Amino acid sequence: MQNNLNALKDLLHELIIFFRIEGLFAIIHDGNWRAFKTVDGIFTLLMPLAPIIIVAEIFLLIITHQFNRKFYKIPFLIIIINRILEKVLKLSITIFFIALFKDYALFHLSLKWYFIPLGYLIYELNSFIRHYAAHKIRLLWCSHAVHHSATEITSSVTLTTAYLENIYTDIFAASFCTLMGLSPSLFFFVMILDSIWGAFVHVSEKALKNGRLGFLEKLILTPSHHRVHHASNDLYMDTNFCSIINIWDRLFGTYQEEKTYEPVKYGITRPMDANNFWDVYFGEYVALWNDVKNANGINKIKYIFMPPGWHPNGEQQTAAILRQKAINRE
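Owing to the predicted nature of the structure, the values given are computational and were not obtained by experimental measurement.

Observations concerning the packing of aromatic side chains
On inspection of all chains with the given rule, the structure shows 21 aromatic pairs. Arranged with centres 6.4 Å apart and planes meeting at 35°, the rings of Tyr72 and Phe76 form a pair that is tilted. Note that Tyr72 and Phe76 are positioned in helix 5 (residues 70-89) at a spacing of 4 residues, about one turn of the helix. Of the two residues, Tyr72 and Phe76, neither departs from the other in class, the shared state being buried. Ring geometry for Trp113 versus Tyr114: centroids 5.5 Å apart, planes at 80°, classification edge-to-face. You can call Trp113 exposed: its relative accessible area is 71%. An aromatic cluster is built from Phe128, Tyr132, Phe241, Trp248 and Phe252, whose rings are joined through pairwise contacts. Over the face of the ring belonging to Tyr255 we find Arg250, whose NZ or CZ atom lies 3.9 Å from the ring centre.

Structure representation (structure tokens):
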């Protein structure tokens, strides 16, 4: 029990550093409550909510004797490595691309309460497009597969991402949302809201078994929906790409409810050691390299840009084909 509490303390410290939330502690310590009326103060208040969800989940699992460190080891190792890379490379990708495209914005949406719903719908569309592409283009999947590597989902998985994916995701999000008119303050505000909900929908089944939210299932993405997204079941693959509002999944035909007769199997379809950092972080690149190396002619290029599971011999095992077969079986 003491070892688990020490582990919780270490994880909490790393999360505080990762989210740069020392500012919140400073405001509380100084009693400067008026700071929360400013834009900066609102951001300072919202940013800790995602790590609070993660820590609350871990604490709940500890006190109910269900905490298993092995399901957090790789996610937090990846979080730490990404944090180190961020410090070393010192990239300000988001700010750069906001400045680059702000003069070409189609609309002008500031951080006003009546713009927030529209701003989030635009941000959600950005998330859907780049998330869909990450599942349909093999090269992008090589990075995104890191996020899908966990064999048991926990809230820490929301931060288990490849650093390279973080870079091109930030580039696309900043460019798309700025061109669509989101001001920097509105962009960062909805991005923080998205990250908070992202931590919640990844919550462990041991902490929130059902994962459904009643009538809200019809309106927003729930933990149950996102567990489907992380599934390797044929019926569930490449579905539920949205983050909070699942309007785009419903519109583009990628919405899928969790079925009681089809328990979720987490992870990816490639045999992988989920407790091996190198296999989790680089395994898909190695698999792609082997396919490209052994292919002939134009097939070398096709392997890079076709969906995962594509083969030139016609024996296709893409998610779309496997899912359609599963639907037909129903």
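Examining the nonpolar core
Where a protein is soluble and globular, its nonpolar side chains tend to be buried together. Judged by nonpolar contacts, the single largest core of 27 residues is most densely connected at Ile78, Leu182, Phe187, Val190 and Tyr281. At the level of elements, helix 5, helix 6 (93-101), helix 7 (116-136), helix 9 (163-179), helix 10 (184-201) and helix 13 (277-294) are the ones that each hand at least two residues to this core. Among residues more than four places away in sequence, those in contact with Leu182 are Leu109, Gly119, Ile122, Cys177, Phe187 and Val190.

A few points about helix 6
The complete set of buried residues in helix 6 reads Ile93, Thr94, Phe97 and Ile98. The buried residues of helix 6 all sit within an arc of 125° when viewed along its axis, so they share a single face. For helix 6, exposure combined with an orientation more than 90 degrees from the buried face picks out Ile95 and Phe96. Buried residues in helix 6 make contact with helix 9 and helix 10.

Quick word on the pattern of salt bridges
The final tally for this structure, using the stated rule, is 8 salt bridges. Between Arg329 and Asp234 there is a salt bridge whose closest N-O contact spans 3.9 Å. Here Asp234 lies in the loop between helix 11 (223-229) and helix 12 (247-252) and Arg329 lies in helix 15 (residues 319-329), a separation of 95 residues in the sequence. The exposed category is assigned to Arg329, whose relative accessible area is 60%. Glu284 serves as the salt-bridge partner of Arg270, at 2.6 Å between the closest nitrogen and oxygen. Linking Arg270 in the loop between helix 12 and helix 13 with Glu284 in helix 13, this pair joins segments that are 14 residues apart in sequence. The network of salt bridges with common partners includes Arg270, Asp279 and Glu284.

Rules behind the numbers
Residues numbered from 1 in each chain as written. Predicted model: local features only at pLDDT ≥ 70, side-chain atom pairs only at ≥ 80, totals over all residues. Heavy atoms only, no water. Phe/Tyr/Trp six-rings, centres within 6.5 Å; stacked < 30°, edge-to-face > 60°. Helix = DSSP H or I, 4+ residues; strand = E, 2+ residues; numbered from the N terminus. Buried < 20%, exposed > 50% of the residue type's maximum accessible area, 1.4 Å probe, protein only. Lys NZ or Arg CZ within 6 Å of the ring centre and 35° of its normal. Core = buried A, V, L, I, M, F, W, Y, C linked by side-chain atoms within 4.5 Å. Contact = heavy atoms within 4.5 Å. Arc of directions from axis to C-beta. Salt bridge = Lys/Arg side-chain N within 4 Å of Asp/Glu carboxyl O.

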